[in-house]
Amino acid sequence: MTAGRLPAVPVLVAAAVLLAGSIGLQVRRDRAFHTDRPAEHVLYVQSPEVVRRLALSFDAIVADVYYIRALQVFGAAQKKTRQAKDYELLYPLLDMATGLDPQFNMAYRFGAIFLTEPKPAGPGRPDLAEKLLLKGLKANPKKWEYVQDIGFAHFWGSRDYRTAASWFQKASEMPGAAWFLKPLAATTLAQGGQRSAARMLFKVLAESGEVEWMRKDAERRLRQLDAMDAMDALRRVAATHRSRGGPAPVTWDGLVRAGYLRGIPADPDGFVFVLDPWTGDVRMAADSTLLPLPDEPPPEHQAVPGS
Amino acid sequence: MSLGVSAGTVGRIAANVFKESVRDKVLYSVVLFAILLISASYILGELSAGQEIKIVKDLGLAAISLFGHFIAIFIGIGLVSKEMERRSIYALLAKPMSRTELVLGKFVGLLATLTVNVLVMSAALFIVLAISDAVTDPFFKKAWEAPAVDPALLTATGLILVQLGVVTAIAIFFSTFTSPVLAAAFTVGLVIVGHFGADLKNFEQIVDSKPLAWMARGLYYILPNLASFDVKLQVVHGQPVTAGYVAMTTGYGALYVATLLTLASLFFSRRDFK
């Protein structure tokens, strides 16, 4: 029987027109009333054990979801420049991912790097990084990488170079550990807090990073150290220029004309350094992709050579 | 009523169930799976910071299991109840076949559908993993816990198939003596409880009452232990799953299926279709 059948084309056209109308109305309403709220990260269930039971046999894929959420929390906070960065959910998400999948290597390793990152660029929670890695070590006692990363958390996060060196040493004594851990432990003990020690740490991470992100992150940190070295050298150039009676205000062009520089200096990412014409101080360009630079510890926190 | 079981009759019923499931477009789930996996592998490359191989494996195995569960539960329940709703059961039972053969044939037919489903989905998973493997820098492969195209994945998919066999048998068992809605509720409930085996087994660690602990231990042995078929995490992390474990778990699954189908045949043989 076909008498009751609706004609397909006119009905589809009518449906499309109605849908377009509803979309148009929604757009106008949103513009007029600003009903949308900023998206917030919410963690409804906080216990990995409860989620593991709720996930039935899908715990691995649920762990992946929590891991990706952790990456998004970190990434979203990193993108914020002026607003307050919210890392509150970072550790609970990583705890959940590793609770559901105790062998989730990268969740421990990335998680530790993210949590260690000092403020304002990161949450500055090396204590939580250590807690996460110790949990990983309990599930995977042969992972010397986690012991190395605890050393990293103490080095980069809490600037406790003596403890960092002892963890690097401990990692170097584990079966299958990388060759660079012994010299890294020695350098950290002798030169901790100095750029040379940080350079060595990031050089080995750039060469040994298990995934591309880790290597790129370490390479970026090396470029930051290069930029800091370059700024120190440029400050010295400006000071020399002034001490030799060079004309004020001092400019890059003036320094090039005077033969101190071969060209306008830029950081390793290509952003021209900013020179204060009256004091000779050198800063990073405000839009440089290498900002924010890591803080350097005051001299009293630096390891004493030979200690 | 004949009590004997003819392999030929069971095979013919199974072939009909398979054809019907193809007609019902059950295998469309394979296409959906392939689309899901291919799009996921592209998106995850951007989102997972170098973990796409692990996540594609997790997602692939989870999807094979999830699609399989849907087919096993909802088609499994319909196998017997649909015949009753359509009243075609009368015509079927008038033919020279026993009710046991009908139950077995329905089970084997759906298991064949599930086998094809799992095999094609596994092939799609391997293809996506092979492509990801080919485009990955060899340096980063050194950090992988297991190769992308890992034959061990077949251990996981094989045990998923055995698990789906148990779920199908549960669905058929309930559908032989109750309504489709109740059968669906009971099957889903039992499948969920089946994943709590470890909790039931170790109940005495959280309660002081000995009888309660014994009861929980008894339930652990009587209810299907579906968690034991799940080796996805071990396989994805490159941890060994021994042949002995696979053989014993498969044997457990086969015996549990046999128990359920025996009971299903019993209940179905006593059902009055007036």
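Residues numbered from 1 in each chain as written. Chains lettered and ligands numbered in written order. Predicted model: local features only at pLDDT ≥ 70, side-chain atom pairs only at ≥ 80, totals over all residues.

Q: Explain the overall build of chain A to me, using residue names and the numbers behind them.
A: Along its length, chain A carries 12 helices and two strands. Going from the N terminus to the C terminus, chain A shows its helices and strands as α-α-α-α-α-α-α-α-α-α-α-α-β-β. (Helix = DSSP H or I, 4+ residues; strand = E, 2+ residues; numbered from the N terminus.)

Q: Talk me through the overall build of chain B; I want residue IDs and the actual numbers.
A: Along the backbone of chain B there are 12 helices and zero strands. Ordering the α and β elements of chain B from the N terminus gives α-α-α-α-α-α-α-α-α-α-α-α. Considering chain B as a whole, with its 274 residues, one finds that 42% of them fall into the buried category. For chain B, the proportion of contacts with a sequence separation of at least 24, taken over those separated by at least 6, is 82%. (Buried ≥ 20, exposed ≤ 12 C-beta atoms within 10 Å, placed from the backbone. Contact = placed C-beta atoms within 7 Å.)

Q: Please provide a residue-by-residue account of helix H12 (residues 243–270) of chain B, values included.
A: Taking 1.5 Å of rise per residue, the 28 residues of H12(B) would be expected to cover 40 Å, and the 41 Å separating its terminal C-alpha atoms lies within 8% of that figure. Here H12(B) has its buried residues at B:Thr249, B:Gly253, B:Tyr256, B:Val257, B:Leu260, B:Leu261, B:Ala264, B:Ser265 and B:Phe268. (Expected span 1.5 Å × (residues − 1).)

Q: I'd love a proper account of the interface of chain B and chain A, names of residues and values included.
A: With 22 residues of chain B in contact, the opposing surface of chain A contributes 19 residues. It is helix H3 (residues 52–85) of chain B that contributes the most residues to the side of chain B that touches chain A, five residues altogether. Partitioning the side of chain B that touches chain A into residue classes produces 12 nonpolar, six polar and four charged. (Nonpolar A, V, L, I, M, F, W, Y, C, P; charged D, E, K, R; others polar.)

Q: Report on helix H8 (residues 161–172) of chain A, specifying residues and quantitative values.
A: Residues three or four positions apart in an α-helix share a direction because the helix packs 3.6 residues into each turn. Residue and element names in this part refer to chain A. With 12 residues, H8 should cover 16 Å at 1.5 Å per step; its first-to-last C-alpha distance of 16 Å lies within 8% of that length. Looking only at H8, the buried set comprises Tyr161, Ala164, Ala165, Trp167, Phe168, Ala171 and Ser172. Seen from one end, H8 has its buried residues packed into an arc of 160 degrees, which puts them on one side. For H8, the elements touching its buried residues are helix H7 (144–157) and helix H9 (181–191). (Arc of directions from axis to C-beta.)

Q: Mind laying out the packing of helix H4 (residues 90–100) of chain A against helix H6 (residues 126–139) of chain A, listing which residues take part and the relevant values?
A: Residue and element names in this part refer to chain A. Remark: H4 packs on H6, axes separated minimally by 11 Å, with the N-to-C direction vectors making an angle of 5 degrees. Taken together, the axes of H4 and H6 lie roughly parallel to each other. Residue-level inspection shows Tyr91, Leu94, Asp95 and Thr98 of H4 in contact with H6, the latter providing Leu128, Leu132, Lys135 and Gly136. Residue composition of the contact of H4 with H6, by class: four nonpolar, two polar and two charged. (Axes fitted to C-alpha atoms, helices over the stretch in contact; angles between N-to-C directions. Parallel < 35°, antiparallel > 145°, perpendicular 65-115°, else oblique.)

Q: Summarise the nonpolar core; cite the residues concerned and give the values.
A: In terms of nonpolar packing, the biggest core is built from 130 residues, with A:Ala70, A:Leu90 and A:Ala97 touching the most fellow members. Per-element accounting of this core gives the leading share, 16 residues, to H3(B). Excluding anything up to four places from it in sequence, A:Ala97 contacts A:Ala63, A:Tyr66, A:Tyr67, A:Ala70, A:Phe104 and A:Ala107. Formed by 10 residues, the second largest nonpolar core is a distinct cluster that contains A:Ala238, A:Leu255, A:Leu275 and A:Met284. (Core = buried A, V, L, I, M, F, W, Y, C linked by C-beta atoms within 7 Å.)

Q: Let's hear about unusual backbone geometry: which residues, and what values?
A: Residue and element names in this part refer to chain A. Of note, the bond from Leu291 into Pro292 is cis; its omega dihedral lies within 30 degrees of zero at -5 degrees. One can find Pro292 in the segment after strand S2 (282–283). Within the chain, Leu56 stands out as a residue other than glycine whose phi angle is a positive 55 degrees. Relative to the elements of secondary structure, Leu56 occurs in the loop between helix H2 (48–54) and helix H3 (59–79). For Leu56, a count of 19 C-beta atoms within 10 Å gives the class partly exposed. One non-glycine residue, Arg159, adopts positive backbone phi at about 55 degrees. Take Arg159: it is sitting in the loop between H7 and H8. According to the C-beta neighbour criterion, Arg159 is buried, with 20 such atoms within 10 Å.

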